[in-house]
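# Descriptive structure summary
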Amino acid sequence: LTAAVQHETPRLRGRAGVKQRHRRMLRTNYMCEMCQAKGIITIATVVDHIVPLALGGTDDDSNTRNLCDEHHRIVTAEQFGREAKPTPDRYRRAKR
């Protein structure tokens, strides 16, 4: 058995973390980058790490993107080898 390698990435907390999140969100005017690429306007709610911190990614601006909840859920599931389950709203929209 081998132990999983844990990467310790220093994270900003408190006011400094809030300020960092706001600055990152301003890059896209608080819009989801994946939705924008499809021509859809959706508010971003999550600053996502492209390479997750848990997988050795850095907390640099160049390793982040702004996503809506739906895209964040899908991307995170893919990154960690899971299938994203549809949300009730997404399921209703898909059936129409």
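The rules we used
- As a convention, each chain's residues are numbered from 1 in the sequence order in which they are written.
- Local features in this predicted model are restricted to residues of pLDDT 70 or higher, and side-chain atom pairs are both shown and tallied only at a pLDDT of 80 or more, whereas totals for entire chains, interfaces and linings draw on every residue.
- With hydrogens and water excluded, all non-hydrogen atoms of the structure serve as input to the side-chain values.
- Strands are runs of DSSP state E lasting at least 2 residues, helices are runs of H or I lasting at least 4, and numbering of each runs from the N terminus.
- In this analysis, two residues are considered to be in contact whenever any of their non-hydrogen atoms come within 4.5 Å of each other.
- Values of accessible area rely on a 1.4 Å probe in the Shrake-Rupley scheme; residue burial ignores everything except the protein chains shown.
- Any Lys or Arg side-chain nitrogen located within 4 Å of an Asp or Glu carboxyl oxygen qualifies as a salt bridge.
- Relative accessibility decides the category of a residue: with a 1.4 Å probe and only protein chains considered, values under 20% of the type maximum give buried, values over 50% give exposed, and everything between is partly exposed.
- What makes a nonpolar core is a set of buried Ala, Val, Leu, Ile, Met, Phe, Trp, Tyr and Cys residues whose side-chain atoms join them at distances within 4.5 Å.
- Any two strands between which DSSP finds at least two bridges are classified as paired.
- Expected span of a helix: the number of residues minus one, times 1.5 Å.
- Along the arc lie the directions from the helix axis toward the C-beta atoms.

### Observations regarding the overall build of the protein
- In terms of helices and strands, the protein carries four helices and two strands.
- In the protein, the order of α-helices and β-strands from amino to carboxyl end is α-α-β-β-α-α.
- Put simply, of all contacts in the protein between residues at least 6 apart along the chain, 47% involve residues at least 24 apart.
- Entry remark: accessible area of the protein is about 7300 Å², with carbon and sulfur atoms responsible for 56%.

### A closer look at the pattern of salt bridges
- Scanning all chains against the criterion turns up five salt bridges.
- Between Asp61 and Arg23 there is a salt bridge, and its shortest N-O distance comes to 2.3 Å. With Asp61 in the loop between β1 (46-49) and β2 (64-67) and Arg23 in helix α1 (residues 14-26), the pair connects residues that are 38 residues apart, well separated along the chain.
- For Glu70, the salt bridge identified is with Arg73, shortest N-O distance 2.8 Å. Of this pair, Glu70 and Arg73 both sit in helix α3 (residues 69-79), three residues apart, which is roughly one turn of the helix.
- Residue class for Arg73 comes out partly exposed when judged on its relative accessible area of 23%.
- Beyond isolated ion pairs, a larger network of salt bridges with shared partners links Arg23, Arg24, Asp59 and Asp61.

### Topic: unusual backbone geometry
- Of note, the phi angle at Asn29 is positive, near 55°, even though the residue is not glycine.
- Take Asn29: it is sitting in the loop between α1 and α2 (33-37).
- One non-glycine residue, Tyr30, lies in positive phi territory at about 60°.
- Summarising the element assignment, Tyr30 is placed in the loop between α1 and α2.
- The class for Tyr30 is partly exposed, based on a relative accessible area of 26%.

### Overview of the nonpolar core
- Counting five residues, the largest nonpolar core consists of Cys32, Cys35, Leu67, Cys68 and Val75.
- Discounting residues that sit within four places of it in the chain, Val75 has contacts with Met34, Asp48, Arg65 and Leu67.

### Quick word on the pairing of β2
- Neither face of β2 is left uncovered, since the one carrying Thr64 and Asn66 and the one carrying Arg65 and Leu67 both have all their residues buried.
- Here four bridges tie β1 to β2, and the two strands are oriented antiparallel to one another. Looking at the pairing, Val46 lines up with Leu67 of β2.

### Some points on α1
- Helix length check: α1 (13 residues) gives 19 Å between terminal C-alpha atoms against 18 Å at 1.5 Å per residue, within 8%.
- Along α1, the residues that are buried comprise Gly17, Gln20, Arg24 and Met25. End-on view of α1: buried residues confined to an arc of 130°, all on one side of the axis. Counted as exposed and oriented over 90 degrees from the buried face of α1: Arg15, Val18 and Lys19.
- Here the buried face of α1 lies against β1 and β2.

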